[in-house]
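# Reading the structure
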Amino acid sequence: MTCDGFSVRGRHLCEDFGLCIADRSLSVPAQKRATVSIPFAHGEIDFSAINGEVYYESRELAYSIDLIADDPAELEAQVSEVAQWLAPVCNDDISEDSMPGYHWRASAASVGVSRDDSGTAATVEAKFSAYPFALADEECEARIAVGVNPIVNRGSMRARISIVPEGTVTLAVGNLRQTFNGPTATNLYLAPGDNEVDVSGGSALIRWREGIL
């Protein structure tokens, strides 16, 4: 039987606890709205994407985990161990077996337990507030040289650029321009899809992390 699980805080549900996900749910993130209602006018003005990007609320990521034991004392020990593992999750990476290559950045919202009448079975319900995008485990990287460099961001969110320049290098992305002479997390971002990075002064290595909805 294939065990479907997840890992967080250095432990794996299947490998370390011998448990599997009984049920999983993941909400679709709602858009963050910034609207203004004008008196004596129909509807409202929506400024939510005034800078060209739509922003999202956090997702709810939830797991149900079934526990079975030989006696109530053993069951309570299992419940306690799982709760102590999941309750402190705060801005940690959750990696799911069903999503190789990506992870969620999440914090525990609640960890609850329901027990059956026998005292030897229980279900742990763990709910997390997760960043709306699943983040790639590995950063993408590209070497850029003087001139216009086409760069593709295959994710669905803007990705911040980090740079390791060779000497003093100036990058321009869209209307923004920055100059660097050492490894830096820039204030420049790659939009989803095709981008042009204009380079002057020398070559550099750039990195970015993609995310998908």
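Here, every reference points to the structure presented above.
Summary of the structure given here.

About the criteria used
Residues numbered from 1 in each chain as written. Predicted model: local features only at pLDDT ≥ 70, side-chain atom pairs only at ≥ 80, totals over all residues. Heavy atoms only, no water. Helix = DSSP H or I, 4+ residues; strand = E, 2+ residues; numbered from the N terminus. Rg over C-alpha atoms; globule rule 2.2 N^0.38 Å. Buried < 20%, exposed > 50% of the residue type's maximum accessible area, 1.4 Å probe, protein only. Contact = heavy atoms within 4.5 Å. Areas by Shrake-Rupley, 256 points an atom, 1.4 Å probe, with all protein chains shown as cover. Lys, Arg positive; Asp, Glu negative; His and termini not counted. Charge placed at Lys NZ, Arg CZ, Asp CG, Glu CD. Pairing = 2+ DSSP bridges. Axes fitted to C-alpha atoms, helices over the stretch in contact; angles between N-to-C directions. Phe/Tyr/Trp six-rings, centres within 6.5 Å; stacked < 30°, edge-to-face > 60°. Lys NZ or Arg CZ within 6 Å of the ring centre and 35° of its normal. Polar contact = N/O pair within 3.5 Å; in protein donor to acceptor, adjacent residues only side chain to side chain.

## Overview of the overall build of the protein chain
What the protein chain contains, in helices and strands, is 2 helices and 19 strands. For 213 residues, the compact-globule estimate of 2.2 N^0.38 gives 17 Å, and the C-alpha radius of gyration of the protein chain, at 23 Å, exceeds that figure by more than 25%. By the burial criterion, 36% of the 213 residues in the protein chain qualify as buried. Considering only residue pairs separated by 6 or more positions, the protein chain has 69% of its internal contacts joining residues 24 or more positions apart. Carbon and sulfur atoms provide 49% of the accessible area of the protein chain, an area that totals close to 11,900 Å². Side-chain charges of the protein chain comprise 16 positive and 31 negative groups, with the mean position of each set lying 10 Å from the other.

## Looking at the sheet that holds strand β18 (residues 204–208)
With antiparallel pairing, the 4 strands of this open sheet are ordered in space as β11-β18-β13-β16. Looking at which strands have only one partner, the edges of the open sheet turn out to be β11 (140–144) and β16 (184–190). Averaged over all pairs of adjacent strands, the angle between strand axes in this sheet comes to 30°, irrespective of strand direction.

## Some points on the packing of aromatic side chains
All chains considered together, the criterion is met by 6 aromatic pairs. Here Y56 and F133 contribute two aromatic rings whose centre-to-centre distance is 6.0 Å and whose plane-to-plane angle is 80°, an arrangement assigned as edge-to-face. Taken together, the residues span a long stretch of sequence, with Y56 in the loop between β5 (45–46) and β6 (59–68) and F133 in the loop between β9 (121–130) and β10 (134–136) at a distance of 77 residues. With relative accessibility at 23%, the residue Y56 sits in the partly exposed group. On the basis of relative accessible area, F133 is assigned to the buried category, the value being 7%. Three or more aromatic residues joined by ring pairs make a cluster, and in this case those are F6, F17, Y63, W85 and F128. Against the face of Y189 rests R158, its NZ or CZ located 4.2 Å from the ring centre.

## Examining the environment of A108
Here A108 is to be found in strand β8 (residues 102–115). When its relative accessible area of 26% is taken as the criterion, A108 is described as partly exposed. Distance from A108 to P150, taken between C-alpha atoms, is 40 Å for residues 42 residues apart in sequence. Apart from residues no more than four positions distant in its own chain, A108 is found in contact with L86, A87, V89, K127 and F128.

## Structural notes on the side chain of N195
For N195, the position within the fold is in strand β17 (residues 193–200). Within the structure, N195 has its side chain in polar contact with the backbone oxygen of G193 (distance 3.0 Å). Apart from the residues lying within four places of it in its own chain, the contact partners of N195 are N149, P150, I151, N153 and L190.

## Things to note about unusual backbone geometry
Where the residue is not glycine, phi is negative for most of them; where a peptide bond is considered, it is trans in most cases. For R9, which is not glycine, the phi torsion reads 55° and is therefore positive. Take R9: it is sitting in the loop between β1 (6–8) and β2 (11–12). The backbone of F40 sits at a positive phi, close to 60°, despite the residue not being glycine. Its place among the elements puts F40 in the loop between β4 (35–36) and β5.

## Some details on the environment of A83
Tracing the backbone shows A83 in helix α2 (residues 72–86). Exposure remark for A83: the relative accessible area of 24% places this residue in the partly exposed category. C-alpha separation for the pair A83 and Y102, spaced 19 residues apart in sequence, amounts to 24 Å.

## Topic: the side chain of T186
In this fold, T186 is placed in strand β16. Only 2.7 Å separates the side chain of T186 from the backbone oxygen of I161, close enough to count as a polar contact. With near-sequence residues (within four places) excluded, T186 lies in contact with R160, I161, S162, I163, Q178 and F180.

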